[in-house]
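This is what each chain is made of:
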Amino acid sequence: MEAGFFARQAEQLLADGDPAGAQLTAAKAVLLDPKDSYAQAQLGQALLRLHRPQEAIEAFQAALIGAPDMPALHLLLGNAYRASGDNARAVPAYARTVALAPDMAGAWRNLGLAQLGSNRAAEASVTLRHACALEPDSAANWNSLGAALHATGAVDAALCAFTEAGRRGAVGTPEGNRARWNESLLRLLTGDMARGWMLHEFRRDGPAGARAAPFGLRFLTQRPVFGMRVLVTVEQGLGDILMILRFLPLLAAEGVRIIMQRPAPMRRLLADFPGVEAFLDEGMPVPPVDGILPCMSLPGLFVRDAGHVPGRVPYLHPDPVLAARWESRLSEARRLRVGFVWAGNPDNARDLERSLSLDQVLPLMSIPGISPVVVQVGGGRQQLARYSLPPGTIDLGAEIADIADTAAILSRLDVLVSCCTMPAHLAGAIGIATNILVTAVPDWRWGLGRVDTAWYPSVRLFRQERPGDWSVPLAELARDLSMRIGAGVRR
């Protein structure tokens, strides 16, 4: 049999939703004729559907040898590069696609997304405007344009793009809900709490939400009332969970009985908490409840003014026995104790923006008069192998078992220096002095233009002036630490 026969069979298997069968069949075609572009294209598409992007890249490259001017092959190659996480190589593949097929709106959108993923937001904005012009009724195009404009700092323009996406994407559709969720984040960023929290409920069908309530239960559709028993479920990051804990006593004071889902890293930290009747750990049976209240719906019940967040702070209190144990590890830190966290979770979609590298914070750690304490955990610790820490630095990161340990350590410091990640929230909830380095277009909770935050009275924000440029906030932070040393500010 000829290669074309198996290639056509593979195409049909893909259409029938059988990528594994398509891959085996297309491989037969390629074995018969490795130069057959059609066969290589079918193999590449099957591999891409099987989440094997590196092999798909090789197949599409082979296909392009025999058909170098076929736009669809360049598009597929770009898709494979993006699937592998290599946006930089996806850009020229998509650029070649639009050069060959300038009216292909989807290719323009993919090019813009690849540019955005390569930290080329300004270029992406131009590209995605073109995609919107070619296909103005596409909510996906407007959502993508909004994301690019947001990344450049053009908040008002981004808000307009997300609003346009919402007009074109119906409620209940993935792009329509995504548009409303994206709009909510910018509404909250700019202080429009009422509309922001209302639209924030669309996150359940957006990128960060679940489409159905867990445990076979139902989401509450109205504010819980006296006598109801609710399950507060966790979502998004650990920092988000720490941030909303302040609202649990307020909800309990309204007569609501609270069962709280508890992530494993928080079990020791949240051995108990005011207002919580019981905790639900993984594997435990779910008790009878009236419904589910996702934790990030709590701010919408209580926060009406961007300048005022109700709830007592501090609201987390580290175990004194654990704190005393960590104090023994810090006995040699006799000067201003400054903790350092330079990187967040690399799985976060905005981690490349929010995280710093160790070499950027080393000058802060070297300021005379401080005792640097490394509290960094996770992937950011890999950078320690490439740099030497200043003499006298105490590195506790490798000894931290969970968030209870981190809380106990923070309680023994004078100040924490951190990027926008979980320990910053933890320090704010404990009430210790915290300096957070935030991006030019920050996470919604930090607002715009302020050096303080209503969420945590002990936090000061050090903001980029331009996206990607940490020089100004780092210089300001160095002056702040030097002033603390000069003033003798200690615990």
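Residues numbered from 1 in each chain as written. Predicted model: local features only at pLDDT ≥ 70, side-chain atom pairs only at ≥ 80, totals over all residues. Heavy atoms only, no water.

1. Focus on helix 21 (residues 471–487)
With 17 residues, helix 21 extends 24 Å from end C-alpha to end C-alpha; this agrees with the ideal 24 Å at 1.5 Å per step. Those residues of helix 21 that sit buried are Pro473, Leu474, Leu477, Asp480, Leu481 and Arg484. Seen end-on, helix 21 carries its buried residues on one side only, within an arc spanning 120°. Seen from the buried face of helix 21, the exposed residues on the opposite side, beyond 90 degrees, are Arg479, Met483 and Gly486. Buried residues along helix 21 sit against strand 5 (336–341), helix 18 (358–365), strand 8 (415–419), strand 9 (433–438) and strand 10 (459–463). (Helix = DSSP H or I, 4+ residues; strand = E, 2+ residues; numbered from the N terminus. Expected span 1.5 Å × (residues − 1). Buried < 20%, exposed > 50% of the residue type's maximum accessible area, 1.4 Å probe, protein only. Arc of directions from axis to C-beta. Contact = heavy atoms within 4.5 Å.)

2. Thoughts on the pattern of salt bridges
Considering all chains together, one arrives at 33 salt bridges under this definition. Ionic pairing is found between aspartate 281 and arginine 267, a salt bridge with its closest N-O pair at 3.8 Å. Taken together, the residues aspartate 281 in the loop between strand 3 (276–280) and strand 4 (291–294) and arginine 267 in the loop between strand 2 (257–261) and strand 3 connect sequence positions 14 residues apart. Among the residues examined, aspartate 281 registers a relative accessible area of 12% and is labelled buried. In this structure, a network of salt bridges that share partners links the residues Asp137, Glu164, Arg167 and Arg168. (Salt bridge = Lys/Arg side-chain N within 4 Å of Asp/Glu carboxyl O.)

3. Structural notes on the environment of proline 442
Relative to the helices and strands, proline 442 is located in the loop between strand 9 and strand 10. Residue proline 442 is classed as buried on the basis of its relative accessible area, which comes to 2%. When the C-alpha atoms of proline 442 and glutamine 464 are compared, they prove to be 9.1 Å apart, with 22 residues separating the residues in sequence. Apart from residues lying up to four places away in sequence, proline 442 is in contact with Leu189, Arg350, Gly447, Leu448 and Arg463.

4. A closer look at the sheet that holds strand 4
Taken in spatial order, the four strands of this open sheet run 3-2-1-4, and their pairing is parallel. Whereas interior strands pair on both sides, the edge strands pair on one side only; in this sheet they are strand 3 and strand 4. Averaged over all neighbouring strand pairs, the angle between strand axes comes to 30°, with direction disregarded. The pairing of strand 1 (residues 229–233) with strand 4 spans four bridges and is classified as parallel. Bridging from a neighbouring strand, leucine 231 pairs with isoleucine 292 of strand 4. (Pairing = 2+ DSSP bridges. Axes fitted to C-alpha atoms, helices over the stretch in contact; angles between N-to-C directions.)

5. Some points on the packing of aromatic side chains
Within this structure, the stated rule accounts for six aromatic pairs. For the pair tryptophan 197 and tryptophan 444, a centre-to-centre distance of 5.3 Å together with 90° between the ring planes defines the contact as edge-to-face. Pair noted here: tryptophan 197 is in helix 12 (residues 193–200) and tryptophan 444 is in the loop between strand 9 and strand 10, with a separation of 247 residues, a long-range link. Overall, the relative accessible area of 7% leaves tryptophan 444 in the buried class. On the basis of an interplanar angle of 80° and a centroid distance of 6.1 Å, the ring pair of phenylalanine 247 and tryptophan 455 is categorised as edge-to-face. You can see phenylalanine 247 sitting in helix 14 (residues 247–253) and its partner tryptophan 455 sitting in the loop between strand 9 and strand 10, a full 208 residues away along the chain. According to the relative accessible area criterion, phenylalanine 247 is buried, its value standing at 0%. Through pairs of rings, three or more aromatic residues link up here, namely Trp197, Phe247, Phe302, Trp444 and Trp455. (Phe/Tyr/Trp six-rings, centres within 6.5 Å; stacked < 30°, edge-to-face > 60°.)

6. Here's the deal with the sheet that holds strand 9
Taken together, the six strands give an open sheet; going across it, the order is 7-6-5-8-9-10, and neighbouring strands pair in parallel fashion. Each edge of the open sheet carries a strand with a single partner, namely strand 7 (394–395) and strand 10. Pairing of strand 5 with strand 6 (residues 370–374) involves five bridges; the strand directions are parallel. Counterpart to valine 338 in the pairing with strand 6 is proline 372.

7. Considering the nonpolar core
Core analysis: the biggest nonpolar cluster contains 91 residues, and Leu298, Leu316 and Leu426 have the highest contact counts within it. Core analysis: the next-biggest nonpolar cluster, separate from the first, contains 37 residues, Ala29, Val30, Ala39 and Val91 among them. (Core = buried A, V, L, I, M, F, W, Y, C linked by side-chain atoms within 4.5 Å.)

8. Digging into the packing of helix 7 (residues 105–117) against helix 8 (residues 121–134)
Interaxial distance between helix 7 and helix 8 falls to 8 Å at its minimum, and their mutual angle equals 165°. One finds that helix 7 runs roughly antiparallel with respect to helix 8. Considering the relative orientation of helix 7 and helix 8, their crossing is left-handed. Across from Ala105, Trp108, Arg109, Leu111, Gly112, Gln115 and Leu116 in helix 7, the residues of helix 8 making contact are Ala121, Glu123, Ala124, Thr127, Leu128, His130, Ala131 and Leu134. Of the residues assigned to the contact of helix 7 with helix 8, the class counts are nine nonpolar, four polar and two charged. (Parallel < 35°, antiparallel > 145°, perpendicular 65-115°, else oblique. Left-handed = near helix turned anticlockwise from the far one by under 90°. Nonpolar A, V, L, I, M, F, W, Y, C, P; charged D, E, K, R; others polar.)

9. Details of helix 9 (residues 139–152)
Helix length check: helix 9, at 14 residues, gives a terminal C-alpha distance of 20 Å against a target of 20 Å (1.5 Å per residue), a fit within 8%. Burial of helix 9 is extensive: 11 of the 14 residues sit out of reach of the surface. Along helix 9, the positions that sit buried rather than exposed are Ala139, Ala140, Asn141, Trp142, Asn143, Ser144, Leu145, Gly146, Ala148, Leu149 and His150. Considering only its buried residues, helix 9 is in contact with helix 7, helix 8, helix 10 (155–168) and helix 11 (174–189). Two residues or fewer after helix 9 comes glycine 153, characterised by a positive phi angle close to 95°.

10. Points about the pairing of strand 2
Taken together, the four bridges between strand 1 and strand 2 define a ladder with parallel strand orientation. Across the sheet, residue valine 232 finds its bridge partner in strand 2, namely methionine 260. The pairing of strand 2 with strand 3 spans four bridges and is parallel. If you follow isoleucine 259 over to strand 3, its bridge partner there is alanine 278.

Read these as layout, nothing more, since geometry by itself doesn't imply function.
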